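Chain residues, written in single-letter form:
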Amino acid sequence: MNRPNLAEIVQVGETWLPGIRKYTFTLEDLDGEGTTRDETGVLHREVIRSNVLHVAVTHVVDQGELVSITSLVKESSTVEMTLFCPGRGDPYDTGTFYVSKMDVDLIRLKDPNTGQVADWWQVDYTLVEV
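Residues numbered from 1 in each chain as written. Predicted model: local features only at pLDDT ≥ 70, side-chain atom pairs only at ≥ 80, totals over all residues. Heavy atoms only, no water.

### Re the pairing of strand β9 (residues 117-129)
- As paired elements, strand β6 (residues 47-61) and β9 share eight bridges and run antiparallel to each other. Residue pairing for β9: V55 is matched across the bridge by L127.
- Bridge analysis of strand β8 (residues 92-110) against β9 gives 13 bridges, and the strand direction is antiparallel. Bridging from a neighbouring strand, D105 pairs with Q122 of β9.
- In textbook terms, the turn of a hairpin is the stretch between consecutive antiparallel strands, and for β8 and β9 this stretch comprises six residues, one of which, G115, has a positive phi near 80°. (Pairing = 2+ DSSP bridges. Helix = DSSP H or I, 4+ residues; strand = E, 2+ residues; numbered from the N terminus.)

### Focus: unusual backbone geometry
- Even without being a glycine, N51 presents a positive backbone phi close to 55°.
- Within the secondary structure, N51 is located in strand β6.

### So, the sheet that holds β9
- Spatially, β2-β1-β7-β8-β9-β6-β3 is the arrangement adopted by the seven strands of the open sheet, whose pairing is antiparallel. Edge positions in the sheet fall to β2 (15-16) and β3 (20-31), since each has one partner strand and no second.

### Some details on the pattern of salt bridges
- Going through the model one piece at a time under the given rule, you end up with seven salt bridges.
- Here R49 makes a salt bridge to E129, at a shortest N to O gap of 3.8 Å. One end of the pair, R49, is in strand β6; the other, E129, is in strand β9, and 80 residues separate them in sequence.
- Taking the shortest distance from any N to any O, the salt bridge between R88 and D93 comes out at 2.3 Å.
- We classify R88 as partly exposed; its relative accessible area is 22%. (Salt bridge = Lys/Arg side-chain N within 4 Å of Asp/Glu carboxyl O. Buried < 20%, exposed > 50% of the residue type's maximum accessible area, 1.4 Å probe, protein only.)

### Some points on the environment of V55
- Mapped onto the secondary structure, V55 falls in strand β6.
- Given the relative accessible area of 1%, V55 is considered buried.
- V55 sits 70 residues away from Y125 along the chain, and the two C-alpha atoms are 8.3 Å apart.
- In contact with V55, not counting residues within four places along its chain, are Y23, T24, F25, L83, Y125, T126 and L127. (Contact = heavy atoms within 4.5 Å.)

### Here we look at the environment of D119
- By secondary structure assignment, the location of D119 is in strand β9.
- Placed 78 residues apart in sequence, D119 and G41 show a C-alpha to C-alpha distance of 55 Å.
- Setting aside its immediate chain neighbours within four residues, D119 contacts L106, I107 and R108.

### Regarding the side chain of T82
- Note that T82 resides in strand β7 (residues 79-84).
- Polar side-chain contacts of T82 include one of 2.7 Å to the side chain of T94.
- If we skip the residues at most four places from it in the chain, T82 touches I9, V10, Q11, Y92, D93 and T94. (Polar contact = N/O pair within 3.5 Å; in protein donor to acceptor, adjacent residues only side chain to side chain.)

### Here we look at helix α1 (residues 63-74)
- With twelve residues, α1 extends 16 Å from end C-alpha to end C-alpha; this agrees with the ideal 16 Å at 1.5 Å per step.
- Those residues of α1 that fall on the buried side of the exposure criterion are E65, L66, I69 and V73. Down the axis of α1, the buried set is contained in an arc of 105°. They therefore lie on one face. Away from its buried face, by an angle of more than 90 degrees, α1 presents the exposed residues Q63, G64 and V67.
- Tucked into the core, α1 has its buried residues touching β1 (10-12), β6, β7, β8 and β9. (Expected span 1.5 Å × (residues − 1). Arc of directions from axis to C-beta.)

Shape is all these values report; function is a separate question.
Shown next, in the form of structure tokens:
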């Protein structure tokens, strides 16, 4: 596809992934077994890890870009990525993630002006920091 990749949001190796349509991240603390509430309802937390990153990404891309994205993020069990993630220091954070789920949908669109049909692919996946 001949369009610039304007949003530098997700990078694998030297490649910024194209066609990001939606990007949502969550920073979550992981509590240990010692986290509990006492009889008066006061919470006592045992945080074993802070700011674990969960990311939901949606791309709308052509078939070549689909193949590239899936090979970069899904061919191995984990992948090192750099993600836009303000809230953990620098706006970009590099870490190791696994893809917990990937959905791919074909979107067939007809241009109302020309009548030509174009095939696009919507790729949705969820990244979880290791």
